[in-house]
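The lines below spell out each chain.
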Amino acid sequence: MELNFGSLTFKVAQGDITRFPAEAIVNAANKYLEHGGGVAYAIAKVAAGDVREYIRISKEAMKEQIGRNWIEHGEVVVTPAMKMEQYGIKYVIHTVGPYCGGKWDEDKKEKLKKAILGALRKAEELGVKSIAFPAISAGIYGCPFEEVVKTFVEMVKEFSEEAKSVKEVYLVLYSKKDYERALKTLTV
Ligand code: ADP
């Protein structure tokens, strides 16, 4: 499933983002880059082989790149892909989406858009051609899946106006069920 916006293609895929062949993958992080569960834990484990080590690397990168020990929505931190380089991944871009707990409103949508845009702009800065996102905030943070998918499409479309280096944006869904739900959301 793909949508074209000018020179940018948005593709929905099913798979494990820790081995998805995009130059940059995005982590749905928490603001302290603790990587305690969900996709963050999976990325940390595959990248460094040891979750605590990747947390240490991430926090050090955050100090250097942001100058604080937390990030706001829209701020991102970049860490190396380490062992994920074998799949063609070069960078991990950590971003933080909103916590929803089942609720959804304009404020949550804005925060999610900021989180997505921050990662897309960083990908431009890094000069990569492809970037893969997980369904940020649709897991532990409890935002409605369909709204998250729709927000991705909206944000990628807006970003296509300024995209130069980035040509492919992937939304990688872990389960077949989520993949099918996303296709359904995009085809109505
Ligand atoms: P958040 O706290 O932002 O909600 P989660 O990690 O709980 O983040 O979940 C975000 C999404 O990532 C969920 O839809 C979850 O199913 C998915 N996910 C979990 N592991 C992986 C993985 N290895 N690859 C891709 N997506 C994943």
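No experiment lies behind these values; they were computed from the predicted model shown.

## Some words on the packing of helix 4 (residues 145-159) against helix 5 (residues 176-187)
Right, so step 1: The N-to-C vectors of helix 4 and helix 5 enclose an angle of 60 degrees; their axes lie 10 Å apart at closest approach. On the basis of their axis angle, the class for helix 4 and helix 5 is oblique. As helix 4 runs across helix 5, the sense of the crossing is right-handed. Within the contact between the two elements, helix 4 uses F145, E146, V149, K150 and V153 and helix 5 uses D178, R181, A182, T185 and L186.
Right, so step 2: Grouping the amino acids of the contact of helix 4 with helix 5 by side-chain chemistry returns 5 nonpolar, 1 polar and 4 charged.

## Examining the packing of aromatic side chains
Right, so step 1: Counted by the stated rule, this structure contains 3 aromatic pairs.
Right, so step 2: For the pair F133 and F152, a centre-to-centre distance of 5.2 Å together with 70 degrees between the ring planes defines the contact as edge-to-face. Placement of the pair is F133 in strand 6 (residues 130-133) and F152 in helix 4, with a sequence separation of 19 residues. Of the two residues examined, F133 and F152, each falls in the buried class.
Right, so step 3: Over the face of the ring belonging to W70 we find R68, whose NZ or CZ atom lies 4.8 Å from the ring centre.

## Notes on the site of the ligand
Right, so step 1: Taken together, 14 residues surround the ligand, and among them D16, V39, S137, G139 and I140 come closest.
Right, so step 2: With the chains in place, 89% of the 560 Å² that the ligand exposes on its own is no longer accessible.
Right, so step 3: Looking at the shell around the ligand, its residues break down into 8 nonpolar, 4 polar and 2 charged.

## Some details on the pairing of strand 2 (residues 8-14)
Right, so step 1: Among the 7 residues that make up strand 2, 5 are buried, leaving the element largely enclosed by the rest of the structure.
Right, so step 2: With 4 bridges joining them, strand 1 (residues 2-5) and strand 2 adopt antiparallel strand pairing. When the bridges of strand 2 are listed, N4 appears paired with T9.
Right, so step 3: Pairing geometry for strand 2 and strand 7 (residues 168-173), over 6 bridges, is parallel. Bridge pairing in strand 7 places K11 opposite Y170.

## Overview of the UniProt feature "domain: Macro" (unreviewed entry) in the protein
Right, so step 1: Within the UniProt annotation, "domain: Macro" (unreviewed entry) is assigned to residues 1-188.
Right, so step 2: Between the end C-alpha atoms of residues 1-188 there is a gap of 13 Å, over a span that is 39% helix and 20% strand.

Here is what the cut-offs are and how they apply
- Residues numbered from 1 in each chain as written.
- Predicted model: local features only at pLDDT ≥ 70, side-chain atom pairs only at ≥ 80, totals over all residues.
- Heavy atoms only, no water.
- Axes fitted to C-alpha atoms, helices over the stretch in contact; angles between N-to-C directions.
- Helix = DSSP H or I, 4+ residues; strand = E, 2+ residues; numbered from the N terminus.
- Parallel < 35°, antiparallel > 145°, perpendicular 65-115°, else oblique.
- Left-handed = near helix turned anticlockwise from the far one by under 90°.
- Contact = heavy atoms within 4.5 Å.
- Nonpolar A, V, L, I, M, F, W, Y, C, P; charged D, E, K, R; others polar.
- Phe/Tyr/Trp six-rings, centres within 6.5 Å; stacked < 30°, edge-to-face > 60°.
- Buried < 20%, exposed > 50% of the residue type's maximum accessible area, 1.4 Å probe, protein only.
- Lys NZ or Arg CZ within 6 Å of the ring centre and 35° of its normal.
- Near = heavy atom within 4 Å.
- Areas by Shrake-Rupley, 256 points an atom, 1.4 Å probe, with all protein chains shown as cover.
- Pairing = 2+ DSSP bridges.
- UniProt positions renumbered as here; feature names shortened; annotations may be inferred.

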